[in-house]
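# Reading the structure
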Amino acid sequence: MVMGDLVREVDVAVVGGGPGGYSAAFRCAELGLETVVIDAGKRLGGACLFEGCIPSKALLHVAAVLGEAERAKEFGVDFGEPRISLDPLRKWKSERVVGKLARGLASVARGKSVEVVGGRAVFEETRGLRVEGDEPQKIRFKHAIVATGSRPSPLPGVTLTSERLMDSTAALEVPDVPARLLVIGGGYIGLELGQVYAALGSEVTLVEMLDGLLPGVDRDLVQPLVRRCERTFKSIRLSTRVTGLRERPGGIEAGLGDEVATFDRVLVAVGRRPNSEALGLDATRVRVGDRGFVEIDARGRTADPHVWAVGDVTGEPMLAHRAMRQGKVTAEAIAGKPSAFDNVVVPAVVFTDPEVAWCGLTERQAEAAGRAVKVAKFQWAASGRAATLGRADGLTKLLVDPENGRVLGVGIVGPGAGELIAEGALAVENALLAEDLALTIHTHPTLSETLMEAAETLLQ
Ligand SMILES: Cc1cc2nc3c(=O)[nH]c(=O)nc-3n(C[C@H](O)[C@H](O)[C@H](O)COP(=O)(O)OP(=O)(O)OC[C@H]3O[C@@H](n4cnc5c(N)ncnc54)[C@H](O)[C@@H]3O)c2cc1C
């Protein structure tokens with residue numbers, strides 16, 4: 001018998017060790033189910049830990065420190081010109097931040113007796129899969145959870161392969177600080193990484209095919225971010241298509257609408273697509289939709305009674321916290337508990353400077369649905385805390401049901417919006433009233449007061 005013929009039997013086989021996969025696996029183990037995770041990299045953390053949320057936020061912290069140091073000149077503190085050493089920066093990000101968290105996850109897995117098998121899983125039938133790669137084996141399962149996540153989408157129509165052409169994964173490695181960087185895509189990944197490179201010293205040109213940055217996000221929230229990017233980027237080109245990319249001796253020549261410009265590096269950040277191919281799903285009864293997302297119900301069950309799915313591979317919003325919640329719900333559903341993904345909101349944060357965060361209903365959605373809402377806005381120019389931080393450019397916005405005062409949506413732009421939105425999510429998820437926010441004592445002086453102040457304007 002060769003290794004690949006070994007068949008093991010488990011209660012649950014989780015395919016993919018990202019936030020969806022490890023959350024599901026840990027919960028399964030807590031509920032007494034024998035669980036293995038098969039991950040192509042033989043590690044837990046997935047795109048989020050190794051090439052997404054965590055390394056990008058580590059680099060954005062570096063950018064924020066540089067930004068604060070620059071702003072300190074306003075109140076008479078001059079640190080001089082920053083000297084950036086990429087080796088220690090990369091080492092800090094990869095070892096002290098990502099490595100530490102990865103070791104933590106591995107230790108939690110050991111503590112819960114969740115084994116991580118290295119290799120690519122391919123379904124062979126509705127109750128079995130094979131693992132290809134370092135640890136070849138066959139696994140028979142009572143339940144499988146597909147948590148294979150997503151990967152960067154390439155730029156349609158561009159076949160160029162060049163070291164200068166980066167996706168988000170490559171950009172997070174910070175191979176160098178290019179003098180001229182072209183960022184293709186004005187979504188959150190392009191903006192976050194564009195700001196990182198601008199802070200490190202690149203001259204950033206950002207191009208977006210649509211007529212605004214962060215398409216789909218409330219314009220009131222996007223505006224302060226646009227203003228800052230206009231100051232820190234060399235240019236922002238909206239409604240502009242990249243018509244071609246060519247490698248030249250001096251860089252990549254890019255067609256931007258009718259113009260041509262040359263860049264030392266190009267970052268393509270035009271979205272992500274689900275990892276649902278090459279998984280052998282056709283050997284199961286799982287249904288995959290047109291855009292490649294695995295179809296599931298509110299408990300994570302696919303059309304195959306033995307196969308479940310969570311995370312990015314199941315659709316938008318492709319966010320780590322949604323994947324984690326889905327993972328827990330699905331584990332509980334497998335264990336026979338009455339759990340369902342019935343959350344009202346999945347909050348979202350863009351970790352730029354300023355941060356943009358929102359949850360629940362937006363004005364545009366209310367308008368499209370013909371739903372009447374009361375809107376309360378509190379400009380941070382009137383916030384004591386914002387003044388002490390030298391950041392009056394924020395805004396807190398509430399959407400409230402005019403009939404009963406219930407908070408339906410919250411939007412915040414400003415430093416720390418990503419933390420503040422938790423109160424908004426709590427309010428919307430639990431059907432709190434604007435009055436509840438207004439009558440709760442918020443510590444002074446804090447940015448959280450802006451939620452209370454916005455709510456107070458509705459009570460006058
Ligand atoms: C630059 C960037 C920044 C981001 N920032 C944020 C953020 O701030 N907040 C946020 O919420 N989200 C953020 N995201 C999105 C977040 O990373 C994803 O939503 C999240 O990682 C999805 O988790 P997942 O478990 O579905 O899959 P993933 O994290 O993608 O994990 C999937 C795992 O499955 C493995 N795998 C795939 N196929 C197979 C197979 N056949 N066999 C075995 N293993 C397989 C992969 O190797 C991977 O380890 C960011 C993403 C990027 C790219």
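Because the structure is a prediction, the values reported are computed rather than measured.

### Comments concerning unusual backbone geometry
Cis peptide bonds are those with omega within 30 degrees of zero, and the linkage from Glu 316 to Pro 317 qualifies with -10°. Although it is not a glycine, Lys 42 sits at a positive phi angle of roughly 50°. Within the fold, Lys 42 resides in the loop between strand E2 (35–39) and helix H2 (46–51). Lys 42 gets classed as partly exposed once you look at its relative accessible area, which sits at 45%. A positive phi angle, near 60°, is found at Ser 113, a position not held by glycine. Counting through the fold element by element, Ser 113 comes out in the loop between helix H4 (86–111) and strand E3 (115–118). Its relative accessible area of 61% is what places Ser 113 among the exposed residues.

### What to know about the site of the ligand
Looking at the ligand, there are 38 residues lining it, with Gly 20, Asp 39, Lys 57, Asp 312 and Ala 320 nearest. Between Ala 47 and the ligand, the recorded distance is 2.9 Å, taken from a backbone N or O atom to an oxygen atom. For the ligand, an oxygen atom lies 3.2 Å from a polar atom in the backbone of Cys 48. Relative to its unbound accessible surface of 1,000 Å², the ligand loses 93% to contact with the protein. Put simply, the parts of the chain that give the shell around the ligand at least two residues each are helix H1 (19–30), E2, H2, helix H3 (53–71), strand E4 (120–125), helix H6 (188–200) and helix H8 (320–334). If you tally residues by element for the shell around the ligand, the top one is H2, at four residues.

### Section: the pattern of salt bridges
This structure, assessed with the given rule, holds 33 salt bridges. Across the pair Glu 30 and Lys 112 runs a salt bridge, and its minimum N-O distance is 2.8 Å. Placement of the pair is Glu 30 in helix H1 and Lys 112 in the loop between H4 and E3, with a sequence separation of 82 residues. Assessed through its relative accessible area of 27%, Lys 112 is described here as partly exposed. For Arg 180, the salt bridge goes to Asp 264, with nearest N and O atoms at 2.9 Å. Placement of Arg 180 in strand E9 (residues 180–184) and of Asp 264 in the loop between strand E14 (259–263) and strand E15 (265–268) is noted, with a sequence separation of 84 residues between them. Given the relative accessible area of 29%, Arg 180 is considered partly exposed. Ionic contacts of the salt-bridge type, sharing partners, join the residues Glu 68, Arg 71, Arg 228, Asp 353, Arg 391 and Asp 393 into one network.

### Quick look at a nonpolar patch on the surface
A surface patch of nonpolar side chains, amounting to about 350 Å² of accessible area, comprises Phe 75, Val 77 and Phe 79. The topology assignment puts Phe 75 in the loop between H3 and H4.

### Digging into the packing of H1 against H8
Interhelical geometry of H1 versus H8 gives an angle of 30° and a closest axis separation of 7 Å. Put simply, H1 runs roughly parallel to H8. In this structure, the crossing between H1 and H8 has a hand that is right-handed. Mapping the contact onto sequence places Pro 19, Gly 20, Tyr 22, Ser 23, Ala 24, Arg 27 and Cys 28 in H1 and Ala 320, Ala 323, Met 324, Gly 327, Lys 328, Ala 331 and Glu 332 in H8.

### Observations concerning the packing of H3 against H6
Where H3 contacts H6, the axes come no closer than 9 Å and their chain directions differ by 45°. On the basis of their axis angle, the class for H3 and H6 is oblique. When the axes of H3 and H6 are compared, the crossing they make is left-handed. Where H3 approaches H6, its residues Ser 56, Lys 57, Leu 59, Leu 60, Val 62, Ala 63 and Leu 66 are matched on the opposing element by Glu 192, Gln 195, Val 196, Ala 199 and Leu 200. When the residues that make up the contact of H3 with H6 are grouped by side-chain class, the tally is eight nonpolar, two polar and two charged.

What counts, and at which threshold
- Residues numbered from 1 in each chain as written.
- Predicted model: local features only at pLDDT ≥ 70, side-chain atom pairs only at ≥ 80, totals over all residues.
- Heavy atoms only, no water.
- Helix = DSSP H or I, 4+ residues; strand = E, 2+ residues; numbered from the N terminus.
- Buried < 20%, exposed > 50% of the residue type's maximum accessible area, 1.4 Å probe, protein only.
- Near = heavy atom within 4 Å.
- Polar contact = N/O pair within 3.5 Å; in protein donor to acceptor, adjacent residues only side chain to side chain.
- Areas by Shrake-Rupley, 256 points an atom, 1.4 Å probe, with all protein chains shown as cover.
- Salt bridge = Lys/Arg side-chain N within 4 Å of Asp/Glu carboxyl O.
- Patch = residues over 30% accessible without salt bridge, like charges linked within 9 Å, V, L, I, M, F, W, Y side chains within 5 Å.
- Axes fitted to C-alpha atoms, helices over the stretch in contact; angles between N-to-C directions.
- Parallel < 35°, antiparallel > 145°, perpendicular 65-115°, else oblique.
- Left-handed = near helix turned anticlockwise from the far one by under 90°.
- Contact = heavy atoms within 4.5 Å.
- Nonpolar A, V, L, I, M, F, W, Y, C, P; charged D, E, K, R; others polar.

Honestly, that's just the spatial picture; any functional story needs more than this.
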